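Architecture and fold: a report
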Amino acid sequence: MADPSTPDCLVIGAGLSGLILAKQLQQQGHGVLVLDKGRGLGGRLATRRLPYPQVGEGALDYGAQYFQAQTQPFQTLVARWMIQGVVTPWFHEGEVPRYRGTPNNRAIAKFLAQGLRVQTQTQVTGLRRLDKGWQVETAQGDRVSAPFLALTAPVPQALQLLATGDWTLPVPLQQSLEQVSYHACIAVLALLSQPSQIPAPGGLRCPHESLAWIACNQQKGVSPQVPAVTLHSSPAFSQAHWDLPDPEVTALLLDAASPWLGAPVVSSQVHRWRYSLPHQVYGDLWAGDRDLGLILAGDGFQTETMAETLSPMEGAALSAIAAAETLLSWL
Ligand SMILES: Cc1cc2nc3c(=O)[nH]c(=O)nc-3n(C[C@H](O)[C@H](O)[C@H](O)COP(=O)(O)OP(=O)(O)OC[C@H]3O[C@@H](n4cnc5c(N)ncnc54)[C@H](O)[C@@H]3O)c2cc1C
């Protein structure tokens, strides 16, 4: 059941951007309720555990892999996370650190969610505008309302939600939002019988035309006891093979990765990310309208320059910070 007490703002999405946004509102004394359809927190900051014979289990980051911190606001956040032991540098390119969550990337979301009211396994299925604010309806049939609504789902999902009401967005806003798109990605999560042959530090970009990324979670520190690799398909492969059954897609991607595996696969799973990395961004850090009491944020809300130069996670964080500042000026 949704908590019936009325928050000042409902945040849809407990990924990086929803949690940063919610935290900033709460720190300024506002009541916030975060709803997420996922079983756990984090959205695309995703880690999964798979059983492994004798040893127990392996763990794999299968969404976001690592990130940089190139702007002052994000560097401030990351410095705080480092002090709390939630992130650590994974490797450096030149002098520049690439960070990862500790013990895994989902830990960043768990840390951000501390002290927040977050309801997972709560899919929002409908949005209704009230005289003052919004009412959301969940798949369980619960209704929660608040004066302000922040949507941090990937933009196509946010648009689907906005289309559930008896009300339409202003046409220019709707059209701009419809331009935002994301690459799809098929992830294969595989446990191996021996350590992988992926060279240190345990991650390779585009090692094969079918693969955008391959990572050794053991070297990364996510799965210290168990050899566990994450394969991410390239956008072209994902598009061409999206509907292929799991066993076939797994065989193709494991074959492409075979030079870096070097050991038999003990078990594997597939996860399809319909929205992985932003492809076409909105061009600004948030969208919305004070009179509507509505704001949209997330990694789709960046300028082109940001999207070319920053990690998507940094883009998501900057969008959330900007959206929170805007909401604070409205509340
Ligand atoms: C395969 C992959 C690899 C990546 N690699 C990197 C990388 O190496 N570096 C990097 O910086 N970034 C990477 N990214 C991108 C990074 O993960 C995202 O930029 C970032 O996590 C976005 O956070 P977000 O909060 O904006 O969105 P999300 O994490 O997508 O959060 C949105 C949340 O909304 C929830 N939601 C959606 N619809 C509803 C609904 N109707 N009701 C309730 N909840 C709903 C979802 O469950 C989700 O938890 C990668 C992503 C993927 C998938």
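As a reminder, the structure under discussion sits directly above these lines.
Here is what the cut-offs are and how they apply
- Residues numbered from 1 in each chain as written.
- Predicted model: local features only at pLDDT ≥ 70, side-chain atom pairs only at ≥ 80, totals over all residues.
- Heavy atoms only, no water.
- Near = heavy atom within 4 Å.
- Polar contact = N/O pair within 3.5 Å; in protein donor to acceptor, adjacent residues only side chain to side chain.
- Areas by Shrake-Rupley, 256 points an atom, 1.4 Å probe, with all protein chains shown as cover.
- Helix = DSSP H or I, 4+ residues; strand = E, 2+ residues; numbered from the N terminus.
- Nonpolar A, V, L, I, M, F, W, Y, C, P; charged D, E, K, R; others polar.
- Domains from an automatic or database assignment.
- Buried < 20%, exposed > 50% of the residue type's maximum accessible area, 1.4 Å probe, protein only.
- Pairing = 2+ DSSP bridges.
- Right-handed = clockwise from strand over helix to strand, strands pointing away.
- Axes fitted to C-alpha atoms, helices over the stretch in contact; angles between N-to-C directions.
- Phe/Tyr/Trp six-rings, centres within 6.5 Å; stacked < 30°, edge-to-face > 60°.

Below, the discussion takes up the site of the ligand. The local shell around the ligand holds 36 residues, among which S17, D36, R44, Y66 and D299 are the closest. Interatomic distance of 3.5 Å between a backbone N/O atom of G43 and an oxygen atom of the ligand. One of the backbone nitrogen or oxygen atoms of Q65 is found 3.1 Å away from an oxygen atom of the ligand. Here the ligand, which alone exposes 1,000 Å², has 94% of that area covered by the protein. At the level of elements, helix 1 (16–27), helix 4 (155–162) and helix 10 (312–330) are the ones that each hand at least two residues to the shell around the ligand. Counting residues per element, the shell around the ligand draws most heavily on helix 10, at three residues. Class assignment of the residues belonging to the shell around the ligand gives a composition of 17 nonpolar, 15 polar and four charged. For the shell around the ligand, the two domains that each supply at least three residues are domain 1 (9–39 + 120–181 + 281–330) and domain 2 (47–105 + 185–273).

What follows covers the pairing of strand 2 (residues 32–35). The side chains of a regular strand alternate, first on one face of the sheet and then on the other. Where burial is concerned, the two faces of strand 2 agree: the one with V32 and V34 and the one with L33 and L35 are both buried. Pairing between strand 1 (residues 9–12) and strand 2: four bridges, direction parallel. Among the inter-strand pairings, V11 is bridged to a residue of strand 2, identified as V34. Once you follow strand 1 into helix 1 and on to strand 2, the crossover reads as right-handed. Direction of pairing for strand 2 relative to strand 7 (residues 117–119): parallel, over a ladder of three bridges. Counterpart to V34 in the pairing with strand 7 is V118.

Turning our attention to the sheet that holds strand 13 (residues 185–192). Taking strand neighbours across the sheet as the criterion, the five strands line up as 14-15-16-13-17 in an open arrangement whose pairing is antiparallel. For this open sheet the edge positions go to strand 14 (203–208) and strand 17 (265–273), each flanked by a neighbour on one side alone. Strand-to-strand, the axes of this sheet are offset by a mean angle of 20°, without reference to chain direction. Both strand 14 and strand 15 (residues 211–216) contribute to a ladder of four bridges, which runs antiparallel. Pairing of G203 across the sheet is with A215, part of strand 15.

Before going further, it helps to spend a moment on the packing of aromatic side chains. Taken as a whole, this structure holds 15 aromatic pairs when the rule is applied. Look at F74 and W81: their rings are 5.9 Å apart centre to centre, the planes differ by 90°, and that puts the pair in the edge-to-face class. We classify F74 as buried; its relative accessible area is 0%. Residue W81 is classed as buried on the basis of its relative accessible area of 1%. Aromatic side chains W90 and W213 sit 6.1 Å apart centroid to centroid with 85° between the ring planes, which places their arrangement in the edge-to-face category.

The analysis is restricted to geometry; functional conclusions fall outside its scope.
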